[in-house]
Structures are given as structure tokens and as C-alpha cells.
Amino acid sequence: MVNEQTPPPDRAPRSADSLPQDFETALAELEDLAGRMNDGSLGLDESIALYQRGVALAQVCQQRLEAVEQQVQVLQGQLLQPFDDASTRDAS
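The protein appears in an unreviewed UniProt entry as Exodeoxyribonuclease 7 small subunit from Castellaniella denitrificans. Of the comments in the UniProt record for the protein, the one headed Catalytic activity (unreviewed entry) reads "Exonucleolytic cleavage in either 5'- to 3'- or 3'- to 5'-direction to yield nucleoside 5'-phosphates." What UniProt states about the protein under its Function (unreviewed entry) heading is, verbatim, "Bidirectionally degrades single-stranded DNA into large acid-insoluble oligonucleotides, which are then degraded further into small acid-soluble oligonucleotides."

Dropping the structure here:
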């Protein structure tokens, strides 16, 4: 007997150990999960599993954003000068 609430294999939530490590893939999957949860057709167990997966995906996105923010701060410190410093050097 097949449970009607069981998602098709291609729509089943993946395990936490197979989380995407890039921001774009994690965000796309998170958006897909949110859409599936919003349509109201999921059973309780699947909703909980998708919620847990969504939390893990959100953490991946947050970690990637924090890493990129740090990279931008390093680049700004190394490559960019405030306009005031450049105009002071030109005036001397």
C-alpha cells in the first residue's frame, strides 16, 4: 500500500548531508520548499521534514552571505580609497 502523502522521489527532501554549498542553489531549493509548503497539500510529517531542510538551507545561505561580506570588506580595505584622501594627495 502506497501512502498518498509520500512525495515522488524527485520531490522528496534530501538529507542534511547533501546540502548545496553554493548560495544560488541553496536559495533556489529554499524557494521551492517554501512554495511547496505554502500550497497546503503536504502532510504533517512531510511539512516538518521540509521545514527542517529549509532551516538548514537558510543556514547555508547565511554562512555564504557572511563569507562574501567579509571578502568585500577585505577588498574595500585593500583596493578602495576614500575620495577625500585622493583629493588631498592631488592638492599637495
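There is more to say after this.
Participant: Tell me about the nonpolar core, and please be specific about residues and values.
Facilitator: The nonpolar side chains of a soluble globular protein tend to be buried, and buried together. Ranked by size, the top nonpolar core spans nine residues in total: Leu19, Ala26, Leu33, Leu42, Leu50, Ala56, Leu57, Val60 and Cys61. Looking at this core, the elements that each hand over two or more residues are α1 (23–38) and α2 (44–79). With five residues, the top contributor of residues to this core is α2. Every residue in contact with leucine 57, bar those within four places of it in the chain, is listed here: Leu19, Pro20, Ala26, Glu29, Leu30 and Leu33.

Participant: Just give me the short version of a nonpolar patch on the surface, but keep the residues and values in it.
Facilitator: Together, Met37, Tyr51 and Val55 make up a nonpolar patch on the protein surface, roughly 270 Å² of accessible area in all. Along the chain, the position of methionine 37 falls in helix α1.

Participant: With reference to specific residues and values, describe α2.
Facilitator: Note on helix geometry: an α-helix contains 3.6 residues per turn, so any two residues three or four positions apart are oriented the same way. Here α2 is 36 residues long and its end C-alpha atoms lie 52 Å apart, about the 52 Å a rise of 1.5 Å per residue gives. Among all positions of α2, only Glu46, Leu50, Arg53, Gly54, Ala56, Leu57, Val60 and Cys61 are buried. Looking at the buried positions of α2, the neighbouring elements they touch are α1.

Here is what the cut-offs are and how they apply
- Residues numbered from 1 in each chain as written.
- Predicted model: local features only at pLDDT ≥ 70, side-chain atom pairs only at ≥ 80, totals over all residues.
- Heavy atoms only, no water.
- UniProt positions renumbered as here; feature names shortened; annotations may be inferred.
- Core = buried A, V, L, I, M, F, W, Y, C linked by side-chain atoms within 4.5 Å.
- Buried < 20%, exposed > 50% of the residue type's maximum accessible area, 1.4 Å probe, protein only.
- Helix = DSSP H or I, 4+ residues; strand = E, 2+ residues; numbered from the N terminus.
- Contact = heavy atoms within 4.5 Å.
- Patch = residues over 30% accessible without salt bridge, like charges linked within 9 Å, V, L, I, M, F, W, Y side chains within 5 Å.
- Areas by Shrake-Rupley, 256 points an atom, 1.4 Å probe, with all protein chains shown as cover.
- Salt bridge = Lys/Arg side-chain N within 4 Å of Asp/Glu carboxyl O.
- Expected span 1.5 Å × (residues − 1).

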